[in-house]
Each structure stands twice: as structure tokens, then as C-alpha cells.
Protein chains: 2
Amino acid sequence: MKVYGTSVSGNCYKIKLLLHLLKIPYEWIETDTRKGETKTQEFLVKNPVGKVPLLELDSGEFLSESNAILYFLAKETPFFPADLLAQSRVLQWMFFEQYSHEPYIAVNRWLIHFQNKKDDPKIPGNHIKGLDALRIMDDHLSKNQFFGSKQPSIADISLFAYTHVAEEGHFPLSDFPNLSSWIRRIREIPDFIPIY
Amino acid sequence: MKVYGTSVSGNCYKIKLLLHLLKIPYEWIETDTRKGETKTQEFLVKNPVGKVPLLELDSGEFLSESNAILYFLAKETPFFPADLLAQSRVLQWMFFEQYSHEPYIAVNRWLIHFQNKKDDPKIPGNHIKGLDALRIMDDHLSKNQFFGSKQPSIADISLFAYTHVAEEGHFPLSDFPNLSSWIRRIREIPDFIPIY
């Protein structure tokens, strides 16, 4: 299978990390959003939404949305639980990630760390909402080792991607001790690879 | 089971609609975001994210995030396909709905129709991105009857919720003929109930 992705993107890193954890071989096709490579006519035929990551199966079919790709890859593995309520909780945290976490934490990282737009008017509001998301995660981790399941799942991989580099968006991870412990636990999973 | 929800919310209507289609009995507990009822200490114990819909199981456990609740209710029914790739496509469209559709289409409906904030500076930008989402959906429906599967699935229910009332946010549905036909098909599903 092929993965179209921007290497520094957390959404794309999710797929790379899971593929390594599952020891699934793949071809990475660097497709840089910063160079407009997801908005070309050629790419839009593959994914009309114009975003990466994008998975191309050996059959030639495409699948988009990072968290849907994680589900596709993990469904029959220990990274997706067997119990229906646990499965639903994994998805709950992944929808939380895309709605209440990524739009603030990933966007501020993008503006501050990659675009050098430290005065962008969106940053202060995103900062407040991103801190809310980190606080909710930290509270959950005060009573749980992982998100959604008793062992690492694709909910953890999804949330790890932008959380562990949140300081690049000026979010103070040291204020969230349970988050910091969880980040260490994820890094200890066999075959873990870093984003950089 | 109990559903905490704001009746006019598309995210909450998703759950009500699926429960009716599946003929599952439930108790609706009206919880109005406009009155701050999702931000009380009592509610935050149930859902720390402070949002509805929220499902309370007979066991006393809670599940949040509208699309995760849809999965929980539909997993073993015809509204969730059996094939892994089809399942992943259903989720792909549901993540699209929460990231690229709801934040623009639902938010403009909220500002214009419910908050009477027609001059909110977010509206024009949301309008452009919401039209992008509707166009992507309309293009998909030029070759498909439904989203994600060959019969109605929870991807359709998820996308239907805010799409069919998009005109309340000043999105011109009549410009999208395939979307209009799809809306009619959803309304024809046995046991369909309207949002109002």
C-alpha cells in the first residue's frame, strides 16, 4: 500500500506510526501541503477533499481521513478492542481529537512553528480551547492508563500525534503530569518511531 | 437508555433519528446548550467535554460524541456495513462531517438562525468552506446513492443532520441537485422522523 503524506503533519504521522507498530510495509509518497501538492488536479482525483494523509490500496482504491485510515489498519489487531463499548470509546476519543483538539493544538503549532505567524489573531482563542482539550485528557489519565481501552489503541495514536509536539504550538505540557507520563508510555511501545 | 440532547441540534437529532429507524426505545432528557445546561457541575460529571448528545446506558455508563454514539447503536444493524473497507468509508465520511462540514454549516445555521448574529465576522469564511463541503458531497452523489455504503448507513444519518437544514445557515441547497435527491431518499426510509 501507498501513503500520501506530509512528513511533519501529525495527521500523517499517525498512519506512519501505526504502520510501524504493526510492521506493515508501505511506500511513503511525500505530498507537501505547504507546496500546494494536495490541491493539484492530479491529487484531487485521488482525494476530492484535497488533504493528506491518503491511503492507496493495492487494488487502486483510496481511503482518506487519518482516523478512518487508522481504523482500517487496526480493526483486526490489538490496537482496536473487541468489546463494542470499548470500540465506541476509542471512536469517541478520535472524534474528540478531530473536533476539540486538532483544530486548536495542530493549528497553533502550524501557525507558530511552521508558518512563523506568531501574531495571527486566531492563536489566543485556539490556545484557550487547546488547553481545555489537554486538561480533559489529563483528567482522564488521572484514572486511566490509556484512552478508550485498557491497552494502547488507535485512540492513543490519534491523540498522541499532535499532543506530544504541542509545545511547538506553545502549549505547556509540563503543566499536565498525567499527559507527560502517558507520552512516555506511548514511546515505550515496541517498534515506536518518532515524528522527526 | 437515556439521551441528553438539545432538540434543535443536528448532532443530537442524529441520535434521535437512528433510534427511531432502529425502533429502540429511549428516554430523551432535554439539555439546552443555549441555557448553559451542558456546563453545569452536574452535567460535567457525566461528560467532561460539556457537550450533547450524551448517551447514558442502563449500566450507568456514558458515551459522548454523536458519531461514536451512532456507531455504538448501529454496529450490528444494516446501518453499518459488514465489509472492512465499507466500514472505513462510513467512518471516513463521518470524520469529514465533523471536521470539514459541521464546523461551517452547523455554525452558520447556529449564528444566523438561532443566535440572530447575521453580521458575525466568521460567517463569510464559514460560508465558503461549507459550500466546498456541499460540493464534495454533491459530486460523490453524482455516482453513488449513499455515502460509504450501497444502502443508507450512519454516514448518511451523520451528514443528513445538518445538510438538510443548511438553508437555515443560508446555504443554497437548490444549487446541489444530487444532494436534494439524496435528502428525499433519506426521508423515505421507513420510520424516518423530522428534526422539528
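So, how was this worked out
- Residues numbered from 1 in each chain as written.
- Chains lettered and ligands numbered in written order.
- Predicted model: local features only at pLDDT ≥ 70, side-chain atom pairs only at ≥ 80, totals over all residues.
- Heavy atoms only, no water.
- Least-squares fit on C-alpha atoms with pLDDT ≥ 70 in both.
- Contact = heavy atoms within 4.5 Å.
- Domains from an automatic or database assignment.
- Buried area = accessible area lost by both parts, 1.4 Å probe.
- Salt bridge = Lys/Arg side-chain N within 4 Å of Asp/Glu carboxyl O.
- Polar contact = N/O pair within 3.5 Å; in protein donor to acceptor, adjacent residues only side chain to side chain.
- Helix = DSSP H or I, 4+ residues; strand = E, 2+ residues; numbered from the N terminus.
- Expected span 1.5 Å × (residues − 1).
- Buried < 20%, exposed > 50% of the residue type's maximum accessible area, 1.4 Å probe, protein only.
- Pairing = 2+ DSSP bridges.
- Axes fitted to C-alpha atoms, helices over the stretch in contact; angles between N-to-C directions.

Chain A goes by Glutathione S-transferase, N-terminal domain protein in an unreviewed UniProt entry, where it is assigned to Leptospira johnsonii.

A separate point is the relation of the copies chain A and chain B. Mapping chain A onto chain B calls for a screw motion: a turn of 180 degrees about the axis and a shift of 0.0 Å along it, with 0.0 Å RMSD after fitting. The relationship between the two copies is best expressed as a two-fold rotation axis. When C-alpha distances to the rotation axis are compared across chain A, the minimum falls at A:Tyr99, with a value of 3.1 Å. Here 100% of the contact residues of chain A are again contact residues in chain B; the copies associate through an equivalent surface.

Residues and elements named next belong to chain A. Split into domains, chain A comes out as domain 1 (2-74) and domain 2 (84-187). Relative to domain 2, the C-alpha centre of domain 1 lies at a distance of 21 Å. Domain 1 puts 17 residues into the contact, and the matching count from domain 2 is 15 residues. Carbon and sulfur atoms make up 68% of the area that domain 1 and domain 2 hide from each other, which totals about 1,300 Å². On the domain 1 side of the interface with domain 2, the three residues burying the most area are Val8, Lys14 and Asn67, jointly 32% of the side's total. The tally of links between domain 1 and domain 2 comes to 1 salt bridge.

With 31 residues of chain A at the contact, the number on the chain B side is 31 residues. Around 3,000 Å² of area is buried between chain A and chain B when both sides are counted, 67% of it from carbon and sulfur atoms. The three residues of chain A that bury the most area against chain B are A:Tyr71, A:Phe95 and A:Tyr99, which together make up 23% of that side's buried surface. Taken together, the connections running from chain A to chain B amount to 0 salt bridges. Applying the counting rule to chain A against chain B returns 10 residue pairs in polar contact (both at pLDDT 80 or more).

Moving on, we come to helix α1 (residues 10-21) of chain A. Residue and element names in this part refer to chain A. Across its 12 residues, α1 extends 16 Å between first and last C-alpha, which sits within 8% of the 16 Å expected from 1.5 Å per residue. Within the sequence span of α1, burial applies to Gly10, Asn11, Cys12, Tyr13, Lys14, Ile15, Lys16, Leu17, Leu18, Leu19 and Leu21. Tucked inside the fold, the buried residues of α1 contact β1 (2-5), β2 (27-30), α3 (66-74), α4 (84-114) and α6 (154-163). Sitting at the head of α1, Ser9 places a side-chain oxygen 3.2 Å from the backbone nitrogen of Asn11. Backbone geometry just downstream of α1 places Lys23 in the positive-phi region, at approximately 55 degrees.

Take the sheet that holds strand β1 (residues 2-5) of chain B next. Residues and elements named next belong to chain B. Strands sit in the order β2-β1-β3-β4 across an open sheet of 4 strands; the sheet is mixed. The open sheet terminates on both sides in strands that have one partner only, identified here as β2 (27-30) and β4 (62-64). When the angles between neighbouring strand axes are averaged without regard to direction, this sheet yields 20 degrees. As paired elements, strand β3 (residues 54-56) and β4 share 3 bridges and run antiparallel to each other. The residue bridging Leu55 from the neighbouring strand is Leu63, located in β4.

As a further point, take the environment of B:Leu179. Residue and element names in this part refer to chain B. Tracing the backbone through its elements, the reader meets Leu179 in helix α7 (residues 177-187). Classification of Leu179 by relative accessible area gives buried; the value is 0%. Once the C-alpha coordinates of Leu179 and Asn11 are considered, the two residues, 168 residues apart in sequence, prove to be 19 Å apart. Ignoring anything within four residues of it in the chain, the contact list for Leu179 reads Leu134, Met137, Asp138, Leu141, Thr163 and Leu173.

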